[in-house]
Amino acid sequence: QVQLVESGGGLVQPGGSLRLSCAVSGSPDDIFAMAWYRQAPGKERELVARITIGDKTKYADSMEGRVIISRNSAKNISYLDISNLSPEDTAVYYCHVDRIPSGPPPYDYWGSGMQVTVST
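What counts and what doesn't
Residues numbered from 1 in each chain as written. Predicted model: local features only at pLDDT ≥ 70, side-chain atom pairs only at ≥ 80, totals over all residues. Heavy atoms only, no water. Buried < 20%, exposed > 50% of the residue type's maximum accessible area, 1.4 Å probe, protein only. Helix = DSSP H or I, 4+ residues; strand = E, 2+ residues; numbered from the N terminus. Pairing = 2+ DSSP bridges. Disulfide = S-S within 2.5 Å. Phe/Tyr/Trp six-rings, centres within 6.5 Å; stacked < 30°, edge-to-face > 60°. Lys NZ or Arg CZ within 6 Å of the ring centre and 35° of its normal.

Participant: Give me the pairing of strand β9 (residues 91-99): which residues, what numbers.
Facilitator: Among the 9 residues in β9, 8 count as buried, and that is most of the element. Pairing geometry for strand β4 (residues 31-39) and β9, over 8 bridges, is antiparallel. Paired with Ala35 across the two strands is His96, which belongs to β9. Note that β9 and strand β11 (residues 114-118) share 3 bridges and pair antiparallel. By the bridge assignment for β11, Ala91 is matched with Val116. When β9 meets strand β10 (residues 108-110), the two strands line up antiparallel, connected through 3 bridges. Following the sheet pairing, Asp98 is matched in β10 by Asp108.

As structure tokens, then:
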């Protein structure tokens with residue numbers, strides 16, 4: 001079974017930095033992208049960052065260069081580095097994996113979510 005487990009969240013002061021990690025177990029060989037999403041209270045879930053197996057990255061315009069997504073060589077761990085945090089970054093952050101849509105579904109997997117709170 002494929003499992004995605006997020007870690008590294010918690011309470012952070014404004015202006016601080018945070019590294020979130022996503023460990024993928026039971027990883028298939030046909031993963032083509034890993035991503036991070038977030039959902040603030042009462043708001044729609046949004047894409048924060050995505051990285052492909054070719055290491056092409058995409059970031060949410062709203063993050064304004066404050067985030068970096070990366071992965072390890074085995075492609076089973078993704079990292080999201082966030083800097084200059086503000087209270088507006090408070091949300092539940094979700095790890096996500098896309099796989100090539102061949103064979104039986106599912107073609108994507110979600111972590112259970114992890115709270116990040118930016119406050120004094």
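Participant: I'd like to hear about the state of the cysteines, residue by residue, with values.
Facilitator: A full pass over the atoms with the stated rule returns 1 disulfide. One disulfide in the model links Cys22 with Cys95; its S-S distance is 1.9 Å. Taking the sign of the torsion about the S-S bond as the criterion, the disulfide between Cys22 and Cys95, at about -80°, is left-handed. Placement of the pair is Cys22 in strand β3 (residues 18-25) and Cys95 in strand β9, with a sequence separation of 73 residues. The same class applies to Cys22 as to Cys95, namely buried.

Participant: Now, about the environment of Gly65: what can you tell me, with residues and values included?
Facilitator: Inspection of the secondary structure puts Gly65 in the loop between β6 (57-59) and β7 (67-71). Owing to a relative accessible area of 75%, Gly65 belongs among the exposed residues under this scheme. In this structure the C-alpha to C-alpha distance between Gly65 and Ile82, which are 17 residues apart in sequence, comes to 9.1 Å.

Participant: Requested: an account of the packing of aromatic side chains, with residues and values cited.
Facilitator: Counted under the stated rule, the structure contains 2 aromatic pairs. Ring geometry for Tyr94 against Trp110: centres 6.3 Å apart, planes inclined by 90°, an arrangement best described as edge-to-face. Of this pair, Tyr94 sits in strand β9 while Trp110 sits in strand β10, and the two are 16 residues apart along the sequence. A relative accessible area of 14% means that Tyr94 is categorised as buried. Overall, the relative accessible area of 37% leaves Trp110 in the partly exposed class. Through a chain of ring-to-ring contacts, three or more aromatic side chains come together here, namely Tyr37, Tyr94 and Trp110. The positively charged end of Arg19 is found above the aromatic ring belonging to Tyr79, 4.5 Å away from the centroid. A cation sits over an aromatic face here: Arg45 above Tyr94, 3.8 Å from the ring centre.

By themselves these figures say nothing about function.
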